[in-house]
Amino acid sequence: MTRPTTYHIALGSNKGDKFKNLQLAVDAIFERIGAIKLISKVYKSPAFGFEGEDFLNCCLVLESDLKPKKVLNHLLKIETELGRTRSKTKGYEARTIDLDIVFAGEAIIGTKTLKLPHPEMQKRKFVLMPLNDIASKVVHPKLYKEVSVLLEECEDNSVLEPINIWLKNPSKQFNFSNYNYVAIEGNIGAGKTSLAIKIAQDFNAKLILERFADNPFLPKFYEDANRYAFPLEMSFLADRYQQISDDLSQLDLFKNFKVSDYYVVKSLIFSKITLNDDEFQLYRRLFNLMYKDVPKPDLYIYLYQNTARLQENIKKRGRDYEQNIADDYLENINAGYLKFLKTQTDFEIKIIDVSERDFVGNRADYLLVLNEIFLNSLR
């Protein structure tokens, strides 16, 4: 999964309930485009280039997986839905909402429909002043000047007045502040790593991903499970202990919490399926000795997917050694997790069925998953 692009968006309104128009636009941007990181103060500014009512203006910082053209298309659609009608005559006019991309990372684009950075932004105080609130050190990729410098040099003499009402950031409805450690688990191909990455990006969490790609026993296990089950599980046991001990003990003052795509108990769940009884008894003794002092998560999220969907995801990600995993193996893993969760009382648990949701490719599905995380817990 690639890093999202950081966008800076300018918003303005001078028709109708101006503040409400801005808030509705902010909400729609969050729902359709990406996570809103920062919102500036709202400023009252005179109409620019025509006679009309004063505007309310602001800027926001947005992170999105979408390309600039897609973001622009969404912004134009939001404008239309909020009542903006564009006239065919050139020039400035009153509008219920105006949404412009100011920066899209360091992108420089010069197509007929999209020009980035916004070619007029350095001349507009109603853009630069709110932008300076949230991005004063951002450098214009063509002018090579920080936003704060562009504001100082701007020749626009308009007088802007900050108002004493702040727009609400819809991202704040998903509050992870009560959690120090969130673990996300699921069957093979359930999407636990993808969800952990998205939550870490959107909510400033330290990301802990299970390191397994280099495990030499994993491809061999899928070829000959009886022979390689015990060395595989012992290898995972040691690797997970080393990683979780290191990562959970390291304090990161710049992150709000930790999120991982596994919890150590998965070692017991998988080994119960793969090992014979004698091997499992020995394995469990070693597990209990090693993990008795490992921190438990405050929130444990289990992503359930039906077997058919799991197989689709496994085929899609294309790891050669996973392509012949049997349905009953996946079903046994799922049963093992659910049996464990029914008896677990040490931490908050959320079981979320994502069989019909594409929370990687569809933002609406992702927001539905977040909503379910913050519903009443299963204890």
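None of the values given here were measured: they were computed from a predicted structure.

What about the overall build of the protein chain?
A count of helical and extended segments in the protein chain gives 12 helices and 13 strands. In terms of overall dimensions, the protein chain has a C-alpha envelope of 85 × 40 × 40 Å along the principal axes. A sequence separation of at least 24 residues applies to 74% of the contacts in the protein chain between residues at least 6 apart. Working note: accessible area of the protein chain is about 19,600 Å², and carbon and sulfur atoms make up 50% of it. Measuring between centres, the 53 positive side-chain charges of the protein chain sit 3 Å from its 52 negative side-chain charges.

Comments concerning the environment of Lys266
The residue Lys266 is located in helix α8 (residues 266–274) in this model. For the pair Lys266 and Gly336, spaced 70 residues apart in sequence, the C-alpha to C-alpha distance is 9.2 Å. For Lys266, the residues in contact, after removing those within four places along its chain, are Glu185, Lys192, Glu210, Arg240 and Tyr337.

Section: the sheet that holds strand β13 (residues 348–353)
In spatial order, the strands read β10-β11-β9-β12-β13; together these 5 strands make up an open sheet with parallel pairing. Bordering the open sheet on either side are β10 (205–208) and β13, each of which pairs with just one other strand. Shown here is a sheet whose adjacent strand axes are inclined to one another by a mean of 20°, direction ignored. Pairing analysis gives 3 bridges linking strand β9 (residues 181–186) to strand β11 (residues 257–260), with the strands arranged parallel. From the neighbouring strand, Tyr181 faces β11, where its bridge partner is Lys258. Sheet contacts for helix α5 (residues 192–203): β9, β10, β11 and β12 (299–304); angle to β9, the most-contacted strand, approximately 155°.

A few points about helix α12 (residues 363–373)
When α12 is considered as a whole, its buried residues turn out to be Arg363, Asp365, Tyr366, Leu367, Val369, Leu370 and Ile373. Contacts made by the buried residues of α12 are with α1 (18–32), β2 (35–39), α5, β12 and β13. Between the side-chain oxygen of the N-cap and the backbone nitrogen of Ala364 there are 2.9 Å, and the N-cap of α12 in question is Asn362.

Points about the nonpolar core
Considering soluble globular proteins, one finds that nonpolar side chains tend to be buried as a cluster. Leu11, Ile29, Ile101, Ile199 and Tyr300 are the most contacted members of the largest nonpolar core, which has 92 residues in total. Here this core takes 7 residues from helix α7 (residues 225–249), the largest share from any one element. Excluding its chain neighbours within four sequence positions, the residues that come into contact with Ile29 are Ile9, Leu11, Gly34, Ile36, Leu60, Leu62, Leu75 and Ile78. Counting 15 residues, the second-largest nonpolar core is a separate cluster that includes Phe103, Met121, Val127 and Leu150.

Some details on unusual backbone geometry
The amide bond that connects Leu116 to the next residue, Pro117, takes the cis arrangement and shows omega of -10°. Within the secondary structure, Pro117 sits in the loop between β7 (115–116) and α3 (125–135). If you check the backbone angles, Tyr144 has positive phi at about 60° while not being a glycine. Topologically, Tyr144 is positioned in the loop between α3 and α4 (147–153). What makes Tyr144 exposed here is its relative accessible area of 67%.

Rules of the game
Residues numbered from 1 in each chain as written. Predicted model: local features only at pLDDT ≥ 70, side-chain atom pairs only at ≥ 80, totals over all residues. Heavy atoms only, no water. Helix = DSSP H or I, 4+ residues; strand = E, 2+ residues; numbered from the N terminus. Contact = heavy atoms within 4.5 Å. Areas by Shrake-Rupley, 256 points an atom, 1.4 Å probe, with all protein chains shown as cover. Lys, Arg positive; Asp, Glu negative; His and termini not counted. Charge placed at Lys NZ, Arg CZ, Asp CG, Glu CD. Pairing = 2+ DSSP bridges. Axes fitted to C-alpha atoms, helices over the stretch in contact; angles between N-to-C directions. Buried < 20%, exposed > 50% of the residue type's maximum accessible area, 1.4 Å probe, protein only. Polar contact = N/O pair within 3.5 Å; in protein donor to acceptor, adjacent residues only side chain to side chain. Core = buried A, V, L, I, M, F, W, Y, C linked by side-chain atoms within 4.5 Å.

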